[in-house]
Amino acid sequence: MRIVVTGAAGRMGGRLVQVLREHGHEVSGMDIVGDQVEMLDITDFAATRDFITTHKPDIVIHPAAWTDVDGCARDPERAVLINGFGTQHIALAAAAAGAAMLYVSSNEVFDGTASQPYREYDITHPANPYGYSKWVGERALADINPRHYIVRTAWVFAHGGKNFIQAILGAAAAGKHLRVVANEVANPTYNDDLVDALALLIETGRYGIYHLTNEGACSRHAFARYFLDKAGYANVPVEPIAGQEWQRLSTPPVYASLANHAGRHIGVTLRPWQEAVDAFLEKEGLLSVGKRSGS
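Residues numbered from 1 in each chain as written. Predicted model: local features only at pLDDT ≥ 70, side-chain atom pairs only at ≥ 80, totals over all residues. Heavy atoms only, no water.

1. Topic: the overall build of the chain
Next, step 1: Helix and strand counts for the chain stand at ten helices and 13 strands.
Next, step 2: A compact globule built from 295 residues would reach a C-alpha radius of gyration of about 19 Å, and the chain, at 19 Å, matches this within 12%.
Next, step 3: By its C-alpha atoms, the chain is 60 × 35 × 35 Å across when sized along the principal axes.
Next, step 4: Counting every position in the chain, which comprises 295 residues, the buried fraction comes to 52%.
Next, step 5: Sequence separation of at least 24 residues holds for 79% of the intrachain contacts in the chain that already meet a minimum separation of 6.
Next, step 6: Carbon and sulfur atoms make up 51% of the accessible area of the chain, which totals about 13,100 Å².
Next, step 7: Each charge class in the chain can be summarised by its mean position, and for the 26 positive and 32 negative side chains these summaries are 3 Å apart. (Helix = DSSP H or I, 4+ residues; strand = E, 2+ residues; numbered from the N terminus. Rg over C-alpha atoms; globule rule 2.2 N^0.38 Å. Buried < 20%, exposed > 50% of the residue type's maximum accessible area, 1.4 Å probe, protein only. Contact = heavy atoms within 4.5 Å. Areas by Shrake-Rupley, 256 points an atom, 1.4 Å probe, with all protein chains shown as cover. Lys, Arg positive; Asp, Glu negative; His and termini not counted. Charge placed at Lys NZ, Arg CZ, Asp CG, Glu CD.)

Next up, the structure:
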């Protein structure tokens, strides 16, 4: 297939370009930054339309987003411009070019008040500006192009750059006192596993809404405790705190675990999150059976 990937300078988009080319697809990557990608600002509709018309893709995969949730809370209009109307621009251009589209969305389109994992067709109710902007993108795509995949995911950790695992391990190595929220629950998801699932999904032709995360859910505190133990910091204490004690601009959903019913129905699943964390740590050279002394 001919595929356009947005956000190709990012960790998910870059990995997608690599994996899809390994699968034999003809892939064009675009972003607003980066040396190995074509330049495109998705908030510019005319440029987006021309780019997609020129490349004539069979499908556009759209992970590009403004994912700074606190930044979105500071500037909700910019969040909607990028995550909502930027997605609309791509959806319109893809539909005009006869291309399907896959949009990577978020568990934060839900408000977190459920008592069991959210299914794909549960009612959305975003509780913060980031979640709202991603929901606007979902609605735009669903209204414009019937040949769509909407893929919600959660707590993605990837190689390169900074993520929750690297931040906590860095703090542990520096001997800092660790305090982690214990009442926020979702699904830790390994970027490499998610990308493999997306590559498989687009080959099925089964359009719709999907929840693709590594299997299982946990609190932020349990997540941190698991990878600290695996990285050799089993004796480093982690103080559990309530979300209200961690001051931030954006309020995340308290319980936003996703259930993968649609993907499982067609054979698209991800391994348990614990196995994914082990694989991530091993690839980073951080998996340890020994212990380091805490301070």
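2. Quick word on the packing of aromatic side chains
Next, step 1: All chains considered together, the criterion is met by 13 aromatic pairs.
Next, step 2: With centroids separated by 5.4 Å and ring planes inclined at 25 degrees, the aromatic side chains of Phe164 and Phe223 adopt a geometry described as stacked. Note that Phe164 is positioned in helix 6 (residues 164-173) and Phe223 in helix 8 (residues 220-230), a separation of 59 residues in sequence.
Next, step 3: Ring centres of Phe223 and Trp273 lie 5.8 Å apart, and the angle between their planes is 85 degrees; on these two criteria the pair is classed as edge-to-face. Residue Phe223 is found in helix 8, and its partner Trp273 is found in helix 10 (residues 273-284); the two are separated by 50 residues along the sequence.
Next, step 4: Members of the aromatic cluster, each reached through a chain of ring pairs, are Trp155, Phe157, Phe164, Tyr190, Phe223, Tyr226, Phe227, Trp273 and Phe280.
Next, step 5: Of note, Arg78 hangs over the ring of Trp66, and the distance from its end group to the ring centre comes to 4.2 Å.
Next, step 6: The ring of Trp155 has Arg220 lying over it, and the distance from NZ or CZ to the ring centre is 4.1 Å. (Phe/Tyr/Trp six-rings, centres within 6.5 Å; stacked < 30°, edge-to-face > 60°. Lys NZ or Arg CZ within 6 Å of the ring centre and 35° of its normal.)

3. Brief notes about the sheet that holds strand 6 (residues 148-153)
Next, step 1: Ordered in space as 3-2-1-4-5-6-11, the seven strands form an open sheet in which the pairing is parallel. Of all the strands in the sheet, just strand 3 (38-39) and strand 11 (208-211) have a single pairing partner and so form its edges.
Next, step 2: Inspection of the sheet shows strand 1 (residues 2-5) paired to strand 4 (residues 59-62) by three bridges, in the parallel sense. Its bridge partner lying in strand 4, Val5 is registered against Ile61.
Next, step 3: Against the sheet, helix 1 (residues 11-22) contacts strand 1, strand 2 (26-31), strand 4 and strand 5 (100-106), and its axis sits at roughly 165 degrees relative to strand 1.
Next, step 4: Contacting strand 4 and strand 5, helix 4 (residues 76-96) runs over the sheet at an angle of about 165 degrees to strand 5. (Pairing = 2+ DSSP bridges. Axes fitted to C-alpha atoms, helices over the stretch in contact; angles between N-to-C directions.)

4. Focus: the environment of Ala97
Next, step 1: Relative to the helices and strands, Ala97 resides in the loop between helix 4 and strand 5.
Next, step 2: Linking Ala97 and Pro57, residues 40 residues apart in sequence, is a C-alpha distance of 7.6 Å.

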